[in-house]
Structures are given as C-alpha cells and as structure tokens.
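Chains, contacts and geometry: an overview
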Amino acid sequence: LKKPLCSTFLSSDLYLNSIDLAFISETWLTPDIPDSFIKINGYCPLRRDRGATNSDKKSGGGVCLYYKSCMHVMEFSPEGCEKFEILWAKVRYHSKLFVYAVAYFPPGANYGAELVNHLHDVTISLLSDNDVFSVTLCGDLNSLDISLLLSTEYNELFTGPTRRAAQLDRVLTTSDHLYDSAVTTKLTLQTDHLAIICAPKICLPPNKSKISFRDQRMRFKELFNKSMDETNFQFIERFTDPTQAMGAFLDYITDVYHFCCPLRTVVLTDRDPSYITPLIKYQMKQKYTALRKKNIQKADKYSESIRVLIAESLRSNRGSKMGSRLWWKTIKIHTKDDQTIDQFQPLTANDINAYFSSICTNTS
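What you see is a predicted model; the values in this text were computed from it and never measured.

Considering the overall build of the chain
Across its full length, the chain carries nine helices and 13 strands. Within the chain, the fraction of its 364 residues that count as buried is 41%. Across the chain, contacts joining residues at least 24 apart in sequence account for 65% of those joining residues at least 6 apart. Accessible surface, the chain as shown: approximately 21200 Å² in total, 53% of it carbon and sulfur.

A few points about unusual backbone geometry
For Asn-142, which is not glycine, the phi torsion reads 50 degrees and is therefore positive. Take Asn-142: it is sitting in the loop between β7 (132–140) and α3 (147–150). The class for Asn-142 is buried, based on a relative accessible area of 11%. For Arg-164, which is not a glycine, the phi torsion comes out positive at approximately 55 degrees. By the secondary structure assignment, Arg-164 is in the loop between β8 (155–156) and β9 (169–173). A residue is classified by how much of its surface remains accessible, and Arg-164, at 66% relative accessible area, is exposed.

Things to note about the environment of Tyr-257
In this fold, Tyr-257 is placed in helix α5 (residues 242–260). Taking C-alpha positions, Tyr-257 is 8.8 Å from Lys-221, a pair spaced 36 residues apart along the chain. Excluding its chain neighbours within four sequence positions, the residues that come into contact with Tyr-257 are Arg-214, Gln-216 and Phe-224. Within the structure, the side chain of Tyr-257 is placed 2.8 Å from the side chain of Gln-216, a separation counted as a polar contact.

Quick look at the pattern of salt bridges
Applying the stated criterion across every chain yields a total of 11 salt bridges. A salt bridge links Arg-264 to Asp-215; the nearest nitrogen and oxygen atoms lie 3.2 Å apart. Taken together, the positions of Arg-264 in strand β13 (residues 263–269) and Asp-215 in the loop between β12 (208–214) and α4 (218–229) put the pair 49 residues apart, joining distant regions of the chain. As far as the burial class goes, Arg-264 and Asp-215 line up, both buried. As a salt-bridge pair, Arg-307 and Glu-304 come within 2.5 Å of each other at their nearest N and O atoms. Residue Arg-307 and its partner Glu-304 are located together in helix α7 (residues 296–318), separated by three residues, close to a single helical turn.

Observations concerning the packing of aromatic side chains
For the structure shown, the criterion picks out 11 aromatic pairs. Between Phe-233 and Tyr-252, the aromatic rings sit 5.9 Å apart at their centres with planes inclined by 80 degrees, giving edge-to-face as the arrangement. Remark: Tyr-252 occurs in helix α5 and Phe-233 occurs in the loop between α4 and α5; sequence separation between them is 19 residues. Three or more aromatic residues joined by ring pairs form one cluster here, namely Phe-233, Phe-235, Phe-249 and Tyr-252. Its guanidinium or amino end placed over the ring of Phe-76, Lys-90 lies 4.8 Å from that ring's centre, counting from NZ or CZ. Between the NZ or CZ atom of Lys-96 and the centre of the ring of Phe-133, over which it lies, the distance is 5.4 Å.

Description of the sheet that holds strand β2 (residues 43–48)
Spatially, three strands are ordered β1-β3-β2 in an open sheet, and the strand pairing comes out antiparallel. One side of each edge strand has no neighbouring strand; the edge strands of this open sheet are β1 (21–25) and β2. In this sheet, neighbouring strand axes are inclined to one another by 15 degrees on average, regardless of whether the strands run parallel or antiparallel. Looking at chain direction, β2 and strand β3 (residues 63–68) are connected through six bridges and run antiparallel. Its bridge partner lying in β3, Arg-48 is registered against Val-63.

Things to note about a positive patch on the surface
A grouping of Lys-285, Arg-292, Lys-293 and Lys-298 is seen on the molecular surface, where their side chains present a positively charged patch. Along the polypeptide, Lys-293 turns up in the loop between α6 (278–292) and α7. Judged by relative accessible area, which is 66%, Lys-293 ranks as exposed.

Remarks on the nonpolar core
Ile-86, Trp-88, Leu-126, Leu-137 and Leu-149 are the most contacted members of the largest nonpolar core, which has 24 residues in total. Among the elements that line this core, the one with the most residues is helix α2 (residues 112–127), at five residues. Not counting the four nearest positions on each side in its chain, Leu-126 is found in contact with Phe-76, Trp-88, Val-99, Val-132 and Val-135. Counting residues in hydrophobic clusters, the runner-up holds 21 residues, among them Leu-46, Val-91, Phe-98 and Ile-196.

Brief notes about the pairing of β3
Along β3, six of the six residues are buried, which leaves the element largely enclosed by surrounding structure. The alternating pattern of β3 places Val-63, Leu-65 and Tyr-67 and Cys-64, Tyr-66 and Lys-68 on opposite faces, both of which are buried. Of the pairings in the sheet, the one linking β1 to β3 comprises five bridges and is antiparallel in character. Residue pairing across strands places Leu-21 opposite Tyr-67, the latter belonging to β3.

Let's talk about the confidence of the model for the chain
Mean pLDDT over the chain works out to 86, with 86% of the residues at or above the 70 mark. Mean pLDDT in the chain bottoms out at helix α8 (residues 324–334), which sits at 61, and peaks at β9, which reaches 97. When the criterion is pLDDT under 50, residues 337–344 qualifies, and its contacts beyond four places in sequence or with other chains add up to 10 contacts.

Parameters at a glance
Residues numbered from 1 in each chain as written. Predicted model: local features only at pLDDT ≥ 70, side-chain atom pairs only at ≥ 80, totals over all residues. Heavy atoms only, no water. Helix = DSSP H or I, 4+ residues; strand = E, 2+ residues; numbered from the N terminus. Buried < 20%, exposed > 50% of the residue type's maximum accessible area, 1.4 Å probe, protein only. Contact = heavy atoms within 4.5 Å. Areas by Shrake-Rupley, 256 points an atom, 1.4 Å probe, with all protein chains shown as cover. Polar contact = N/O pair within 3.5 Å; in protein donor to acceptor, adjacent residues only side chain to side chain. Salt bridge = Lys/Arg side-chain N within 4 Å of Asp/Glu carboxyl O. Phe/Tyr/Trp six-rings, centres within 6.5 Å; stacked < 30°, edge-to-face > 60°. Lys NZ or Arg CZ within 6 Å of the ring centre and 35° of its normal. Pairing = 2+ DSSP bridges. Axes fitted to C-alpha atoms, helices over the stretch in contact; angles between N-to-C directions. Patch = residues over 30% accessible without salt bridge, like charges linked within 9 Å, V, L, I, M, F, W, Y side chains within 5 Å. Lys, Arg positive; Asp, Glu negative; His and termini not counted. Charge placed at Lys NZ, Arg CZ, Asp CG, Glu CD. Core = buried A, V, L, I, M, F, W, Y, C linked by side-chain atoms within 4.5 Å. pLDDT = per-residue confidence, 0-100.

Written as structure tokens, this is what we have:
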C-alpha cells in the first residue's frame, strides 16, 4: 500500500467484488504515512505498522483492515499481541459479536510457536465469552505451523496455492458454516499473491438513506414562472406593516413553488454510483413502474431522460471530459520516481468509474 496508486487499484478490487471486510498483509506502511494516503471512499482503515511492533526488522511487514464505513468495528489489543504483527478487531452485527484478526508471520522468524500459542489462548478466551459468536483469523502466515489451531477450534476455509505453488495465505474460522465458498482471484493491485475471497451466506444490507427533494425540471420551472406572471399581487397592499407585507409575499411564493415543483422522495444506498442523483433515482423508479405496466413507450422516454441526466451529472462532477491520452499523461506524472508522498494526489476509483460511465451507453 506504500506505492503510488496502490489504494486506487485496491479500491477497484473492493468495489468490483463487493467486499465488506478486507484484510491485507505486508502493507509496508510506516507510522509517518497518514491514513489519508491509503483512504478509499466508502471504507475505513485500521492498521498496525511494523514500526508499532517489537519486530527486529525496520522495513516491510505490517497489516491492515479495511471495513465498510457503515459497519461498527472496534480495534482491541489482547495481552501479548504487541509482540507480533497482528491486528484484532470486533465487528458488531445485530446482536452478535464477530472477532477478526489479520496477521503476518515473516519467513524465517523464530517465534512461530509463541505466535500460535497466542492465537490459541486468545481464541479460547474469546469463545468463553457468550457475546462472541465467531472468531476468524487470516493473513500471510508463510511456513507457520498451524496444526494446533486446526486440531482444536479452527477450520480452514480455503486450501490451495496462493503464491506460485505454495499456500502462504490462510483463512481460519471457528464458524465455517457461515460461509458459502472461498475462492482465489488475481488482484488489480500489483502482487504475486492471490487474494482469497470468502462469500458469506448472509451479506451486509446496503446502507440506505431516504432523500426528499423538489422536482425542478424545466417544465415545472416554466409552470412556476407562468403562475407568477399571472398573479395579481395587489393583496399585499392591504398590509400597512412592511414586515407583514414581506411575510405574506414570501408565504405566497413558497406556496406556489410547492404546488408547481412537486416533492419527490427516493431511497439512495451506498452501493449507488456517485453520479446517481435523487432525480435520476426517481426517474429510474418511474421507468421500472412503466415496464411493470408494460408501457414500453413511456419507459423508453424515461430511458432517454435518464441518459441525459447522467451525462449532466458526470459533467458537473468531473468538470471536463478526460480522454485516455490525458489519463495516461496524468498517471505518468503521478508515478515519477521523484514524486514524494506529500506531493502525490492519487486518482480515485470514483474518478475512473465516472469516466467509463460517461462512455457507457447502457442506461439499465
């Protein structure tokens, strides 16, 4: 994650695979690198850098956890964890408490037995708490002997190579019945490790918010202007107090505005693309209603309107269209060898998504 554009590439992997929790080993982050450098929209990072541990090595290592910003996650530190490159976190989901740990065990390290005993003891202690429903451990463990963990409380969700022909990365859980499958995939992020994606049987629901707005499209603005042109404002003259006259005038205009520009209510979620405005969401809802009623002609009109609104939204969000040549020029500027962390301003996944959405013709 220390390299330029790494967080941008990682964000595309998280969005593409609808990841709720992401665990990363060997971040190479150091305490002097701020969280803003690895920020991903919609996610919050928790990290434990090698400089914050008692490791003899000064560079490399480090672990990190990304979680969706709508989730309730709290880091905690069991006794003895400061000796290892490991991060523990509690996730509250409804009334249940899930515990996760991401660890990194360097090749050739001589504290393997001590780390396994730490994992075993902490897990036993957690499972004795009736509030804890499940404990999951993952990370790049290299040659660590985990037979003690597998023979007691843990089951392995994936078995197979994760780097060339070797299985270095592990996902262990005390509740394998919570998961449908676990598969490996190659990431956009540059790494010679495969990522392990575990699909839960119950996915997190999207974070929803109800939005109300006034529909101010052109025909409603024209109706408002027409109503104002036809209004006789002589009724204001009966007020001798200027304050009362102004109040009556504003109340009348507000009533006309509310009548001419109807109130719309829609539900937006954190899974909606950044260019989806409340008006676009309302139009999409109307389109689906027309399709259910088999009114194809009306649905086609909504599709055309949605296409125009999306293009306007993209232009207003992006400012100006950026072609592929300018994209590559921007990337070359950002990836210069002499570029420092403070100077680097990474492209975000939303920028990339907005660009490709602008050239997409599929409005569904």
